[in-house]
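# Observations on chain architecture
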Amino acid sequence: MSNAIIELLNQHRTQRNFTDQPVSDATLAQIITSAQQAPTSQYLQAYSLIEVTDPHVRQQLATITTRATVATQGRLLVVLADQQRNVQLAATPAAKRALTELDRFMGSVEDATLMTEAMVMVTESLGLGSVVLGSINNDTQAVIDLLQLPALTLPVFGFQIGYPATQPEKKPRLGLDAILFKDHYAQPASYQAELTKFDQTLHAYYEHRSSGAREEHLVEMTRAALGTAAKRRDFLKIAQRQGFLPEIGD
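I will try to describe carefully the structure that is included in this document. (Residues numbered from 1 in each chain as written. Predicted model: local features only at pLDDT ≥ 70, side-chain atom pairs only at ≥ 80, totals over all residues. Heavy atoms only, no water.)

### A short note on unusual backbone geometry
In terms of backbone geometry, most residues other than glycine have negative phi values and most peptide bonds are trans. The criterion, for reference: Numbering goes from the N terminus for both helices and strands, where a helix is a DSSP run of H or I of at least four residues and a strand is a run of E of at least two. Partly exposed describes any residue whose relative accessible area lies between the buried limit of under 20% and the exposed limit of over 50%, with all areas from a 1.4 Å probe on protein chains only and scaled to the type maximum.
Positive phi, close to 55°, is recorded for Q148, a residue that is not glycine. Relative to the helices and strands, Q148 is located in the loop between α7 (140–147) and β4 (153–162). Residue classification places Q148 among the exposed residues on the basis of a relative accessible area of 69%. Positive phi values are uncommon outside glycine, yet L245 reaches one of about 60°. Examined against the element boundaries, L245 turns out to sit in the segment after α11 (235–241).

Printed below as a string of structure tokens:
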């Protein structure tokens with residue numbers, strides 16, 4: 001069984017290189033307003049977007065994300081977790097406390113995440129491509145300073161949109177036996193076999209892909225991903241400086 005949404009998700013590719021064809025204001029507005037229909041925790045819509053157009057700032061964000069194309073290609077958004085607006089609406093000390101503690105801090109990050117994924121889907125449905133840049137938080141404080149972010153806001157993702165210049169091969173995903181459990185967390189007897197099978201598929205993907213072919217295995221990729229942790233160890237402290245998580249100091 002298939003439909004347009006299933007087909008869209010099954011054809012997803014992360015796009016990192018875009019043509020010079022401009023993304024119109026109308027298209028960008030359509031992407032954002034359609035994505036706003038995504039779920040939002042307690043209807044607080046605790047996210048905001050900043051489009052970055054200043055070439056100097058884009059260049060600095062390219063350095064932070066280690067992606068040179070961030071400086072020049074497509075349109076660039078930074079997706080924020082934002083409780084600033086809700087604190088202004090509620091306008092009482094008790095409300096500010098509740099909106100900035102862990103529960104609503106997590107809610108704002110969840111809202112920003114759901115909004116971002118919805119933008120990915122809308123973007124691809126319109127024939128464009130995108131890349132989600134978690135690497136925006138390689139230097140969270142620098143991004144806050146560059147974008148002059150007020151208290152009770154934090155960058156969660158960068159989001160770059162454009163018309164794809166290439167068509168990358170489809171990257172494989174884990175099978176159900178590795179991610180779907182019944183009633184409680186219990187790895188099935190087929191679990192290790194599924195990981196081995198996936199590693200073989202992943203290795204073949206990297207070995208034969210048309211751009212950036214290389215020798216790769218799941219274990220090494222998992223270990224390599226841990227290198228970003230060192231860049232983000234200050235995130236919690238920065239979140240507190242931005243006014244979130246007051247209960248940690250209690």
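Read on, since the account is not over.
### Some details on helix α6 (residues 102–125)
Put simply, the test is: Take the number of residues in a helix, subtract one, and multiply by 1.5 Å to get its expected span.
With 24 residues, α6 ought to run about 34 Å at 1.5 Å a step, and its terminal C-alpha atoms sit 35 Å apart, in line with that. Looking one or two residues beyond α6, the residue adopting positive phi is G127, at roughly 90°.

### Remarks on the side chain of D82
For clarity, the threshold we go by: We call two N or O atoms a polar contact when they sit within 3.5 Å, provided that within protein one can donate a hydrogen and the other can accept it, with sequence-adjacent residues counted only if both atoms are side-chain atoms.
You can see D82 is positioned in strand β2 (residues 75–82). We classify D82 as buried; its relative accessible area is 6%. Polar contacts involving the side chain of D82 include one to the side chain of S48, which spans 2.6 Å. Polar contacts involving the side chain of D82 include one to the main-chain amide nitrogen of Q84, which spans 2.8 Å.

### Digging into the pattern of salt bridges
We count it as follows: Salt bridges, as used here, are contacts in which a Lys or Arg side-chain nitrogen is within 4 Å of a carboxyl oxygen on Asp or Glu.
The tally for this structure, following the rule as stated, stands at 6 salt bridges. Here D82 and R85 are joined by a salt bridge, their closest N and O atoms 3.6 Å apart. On the accessibility criterion, R85 (34% relative accessible area) is partly exposed. For the salt bridge of D103 with R104, the shortest nitrogen-to-oxygen distance reads 2.9 Å. Taking the relative accessible area as the measure of exposure, D103 reaches 48% and is therefore partly exposed.

### Quick word on a nonpolar patch on the surface
To be explicit about the condition: Nonpolar side chains (Val, Leu, Ile, Met, Phe, Trp, Tyr) are joined into patches within 5 Å and like charges within 9 Å, using only residues with over 30% relative accessible area and no salt bridge. Exposure was quantified through the Shrake-Rupley algorithm and a 1.4 Å probe, taking into account, for residues, occlusion by the shown protein chains and nothing else.
The grouping of L174, L176, I179 and L180 at the surface amounts to a nonpolar patch, some 390 Å² of accessible area in total. Within the secondary structure, L174 sits in the loop between β4 and α8 (176–179). Taking relative accessible area as the criterion, L174 reaches 36% and is therefore assigned partly exposed.

### Quick notes on helix α2 (residues 25–35)
Spacing of three or four residues puts side chains on the same side of an α-helix, whose turn is 3.6 residues. The criterion, for reference: Working definition: the arc comes from the directions between the helix axis and the C-beta atoms, pointing outward to the latter. In this description, contact between two residues means that some pair of their heavy atoms is separated by no more than 4.5 Å.
Among the residues of α2, T27, L28, I31 and A35 are the ones counted as buried. An end-on view of α2 places all buried positions within 100° of arc, on one side of the element. Opposite the buried face of α2, by more than 90 degrees, sit the exposed residues D25 and A26. The elements touched by buried residues of α2 are β1 (47–52), β2, α6 and β4.

### A closer look at the packing of helix α3 (residues 55–65) against α7
Convention followed: Only the contacting stretch of a helix is used when fitting its axis, a line to C-alpha atoms as for every element, and angles between N-to-C directions run 0 to 180 degrees. Orientation labels follow simple angle bins: below 35 degrees gives roughly parallel, above 145 gives roughly antiparallel, 65 to 115 gives roughly perpendicular, and whatever is left gives oblique. In this classification, the charged set is Asp, Glu, Lys and Arg, the nonpolar set is Ala, Val, Leu, Ile, Met, Phe, Trp, Tyr, Cys and Pro, and all remaining amino acids, among them Gly, are polar.
Across the interface, α3 lies against α7 with an axial gap of 11 Å and an inter-helix angle of 175°. It follows that α3 is roughly antiparallel to α7 by the angle criterion. Along the contact surface, α3 presents V57, Q60, L61 and I64, while α7 presents A142, V143, L146 and L147. In terms of residue class, the contact of α3 with α7 is built from 7 nonpolar, 1 polar and no charged.

### Some remarks on the nonpolar core
The line we're drawing: Take the buried Ala, Val, Leu, Ile, Met, Phe, Trp, Tyr and Cys residues and link them wherever side-chain atoms come within 4.5 Å; each set so joined is a nonpolar core.
V52, L61, V78, L147, L154 and F244 are the most contacted members of the largest nonpolar core, which has 30 residues in total. A per-element tally of this core places α7 first, with 5 residues. Dropping the residues within four chain positions of it, V78 is found in contact with S48, L49, I50, V52, L61, I136, L147, P155, F157 and G158. Counting residues in each nonpolar core, the second largest holds 21 residues, with Y47, V120, V122 and Y163 among its members.

In short, shape yes, function no, at least from these values alone.
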